[in-house]
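Chain by chain, the residues:
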Amino acid sequence: MSHTEFYARDEMAGDERPPAAEQGIVAWLRKNLFASIPDTILTVVGLIIVAMVLPSVIGWAFINAQWTGTDRSYCATVAQGGIQPEGWSGACWAFVGAKFQQFMFGQYPIDQRWRVMLTGIMFVALLVPMLIPTAPRKLLNAILLFGVFPIVAFVLLVGGVFGLQYVETARWGGLMVTLVLSVVGIAVSLPLGILLALGRRSKLPVIKLFSVIFIETIRGVPLVTVLFMASVMFPLFLPAGMTFDKFLRALVGVALFASAYMAEVVRGGLQAIPKGQYEGAASLGLSYWQTTGLVVLPQALKLVIPGIVNTFIGLFKDTSLVTIIGMFDLLGIVRQNFSDTNWASPQTPISGLVFAGFIFWLFCFGMSRYSIYMEHRLDTGHKR
């Protein structure tokens, strides 16, 4: 009669290192660039294109670039009245350096630009803790950022009180205008868009009709038209002698335009919530607003984070359209300086546009990466 021996492990097996082929740079390349034959072909084609283009880009932007100078002669060839040899082609970063302050602040008085920088520092100091999920005192931070900061920023930027010099908005420009328009537009469009989305799904006919008319009307016209109406047509309907600041009208137009698009993004998230969530909330005795605020909206907003950030990014780039109403954002102030005869050269326009494009890309890329971070953090569907 045979005896069968059994072995029972009395402790957990220790962790072992993964196979060499499943870690490190080789594993990353295999997974992301050479996972299949089509991926390998695309990777090779991409590398060939990069190898053909990259040397020229590096040569133009860095090696042959002119980094210093006081006028156009530093960025023009001898035949063009400059000091560069014939056939020279490089970025004119000297132009960007000479105009950098204007690109940032527009015509804001030089001796008062500390107010703009102080406002920016305060904004960053309040925004960063809000973006860090683990940062403490969120409520206080939110009150300071959305309640106190706008008032302080208005006083600092406009002035006219507390001994501060008054600076009319017509002198604002550059990145300052871009950031003010986009930040105010983002801060207003999200809550207003949520209200419009809820209004469009409301069972009250008047509220639903108003929301539908507003959303479809705004979404049916381009932002250029909205800005034109706010800047040119709106004052015609005001009583004689009454007027509003042009920059304020642009702010309202941009915020309302973004709100209409935001409403549709949020409505998509609300429609994705299963009916069981509403039934579960009703079984607990929650009211409509409790159900919406505690159960439905948190899930809906999590689902549409990419759409929300996409609207933010589009709004940030659309601020360039304020040029049509006589205001100059970053791109507008860059293009305005192309007419400066002291810097007129073949390389000046492309250098200025590349600089403006890089700034826009920097902000948009930052928003995109943060949205990806928040998606991963809030994604509980695959956590073990």
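Parameters at a glance
Residues numbered from 1 in each chain as written. Predicted model: local features only at pLDDT ≥ 70, side-chain atom pairs only at ≥ 80, totals over all residues. Heavy atoms only, no water. Helix = DSSP H or I, 4+ residues; strand = E, 2+ residues; numbered from the N terminus. Salt bridge = Lys/Arg side-chain N within 4 Å of Asp/Glu carboxyl O. Buried < 20%, exposed > 50% of the residue type's maximum accessible area, 1.4 Å probe, protein only. Axes fitted to C-alpha atoms, helices over the stretch in contact; angles between N-to-C directions. Parallel < 35°, antiparallel > 145°, perpendicular 65-115°, else oblique. Left-handed = near helix turned anticlockwise from the far one by under 90°. Contact = heavy atoms within 4.5 Å. Nonpolar A, V, L, I, M, F, W, Y, C, P; charged D, E, K, R; others polar. Phe/Tyr/Trp six-rings, centres within 6.5 Å; stacked < 30°, edge-to-face > 60°. Lys NZ or Arg CZ within 6 Å of the ring centre and 35° of its normal. Core = buried A, V, L, I, M, F, W, Y, C linked by side-chain atoms within 4.5 Å. pLDDT = per-residue confidence, 0-100.

1. Thoughts on unusual backbone geometry
Even without being a glycine, Arg137 presents a positive backbone phi close to 55 degrees. Assignment of secondary structure puts Arg137 in the loop between helix H4 (113-131) and helix H5 (138-158).

2. Describing the pattern of salt bridges
In a structure, side chains of opposite charge can pair up when their charged atoms sit close to one another. Within this structure, the stated rule accounts for 5 salt bridges. Measuring nitrogen to oxygen at the nearest pair gives 2.6 Å for the salt bridge that ties Lys99 to Asp340. Taken together, the residues Lys99 in helix H3 (residues 93-105) and Asp340 in the loop between helix H13 (330-336) and helix H14 (348-378) connect sequence positions 241 residues apart. Overall, the relative accessible area of 12% leaves Lys99 in the buried class. A relative accessible area of 23% places Asp340 in the partly exposed class. The salt bridge involving Glu264 is made with Arg267; its shortest N-O contact spans 2.8 Å. Residue Glu264 and its partner Arg267 are located together in helix H9 (residues 246-271), separated by 3 residues, close to a single helical turn.

3. Thoughts on the packing of helix H6 (residues 175-200) against helix H12 (residues 305-318)
With their axes 9 Å apart at the nearest point, H6 and H12 run at an angle of 150 degrees to one another. One element, H6, and the other, H12, form an angle in the roughly antiparallel class. Crossing handedness for the pair H6 and H12: right-handed. Contacts between H6 and H12 involve Thr178, Leu179, Ser182, Gly185, Ile186, Ser189 and Leu190 on the former and, on the latter, Ile308, Phe312, Leu315 and Phe316. For the contact of H6 with H12, the per-class residue count stands at 7 nonpolar, 4 polar and no charged.

4. Section: the packing of aromatic side chains
Applying the stated criterion across every chain, the model contains 18 aromatic pairs. For the pair Phe100 and Phe355, a centre-to-centre distance of 6.2 Å together with 65 degrees between the ring planes defines the contact as edge-to-face. Pair noted here: Phe100 is in helix H3 and Phe355 is in helix H14, with a separation of 255 residues, a long-range link. Ring-pair connections join several aromatic residues into one group, and the members of that group are Phe95, Phe100, Phe103, Phe338, Trp343 and Phe355. Seen from the ring of Tyr261, Arg219 lies directly overhead, with NZ or CZ sitting 5.5 Å from the centre.

5. Regarding the nonpolar core
Counting residues in each nonpolar core, the largest one holds 58 residues, and the members touching the most others are Trp93, Phe103, Trp172, Phe247, Leu330 and Phe355. In terms of residues, this core owes the most to one element, H9, which gives 8 residues. Here Trp93 is in contact with Trp60, Ala61, Ala65, Gln66, Trp67, Ser351, Val354 and Phe355, once residues within four sequence places are set aside. With 16 residues, the next largest nonpolar core counts Val265, Val295, Ile308 and Phe312 among its residues.

6. What to know about the confidence of the model for the chain
In the predicted model, the chain carries a mean pLDDT of 90, and the fraction of residues at 70 or more is 96%. The least confident element of the chain, judged by mean pLDDT, is helix H1 (residues 24-32) at 83; the most confident is H3 at 96.

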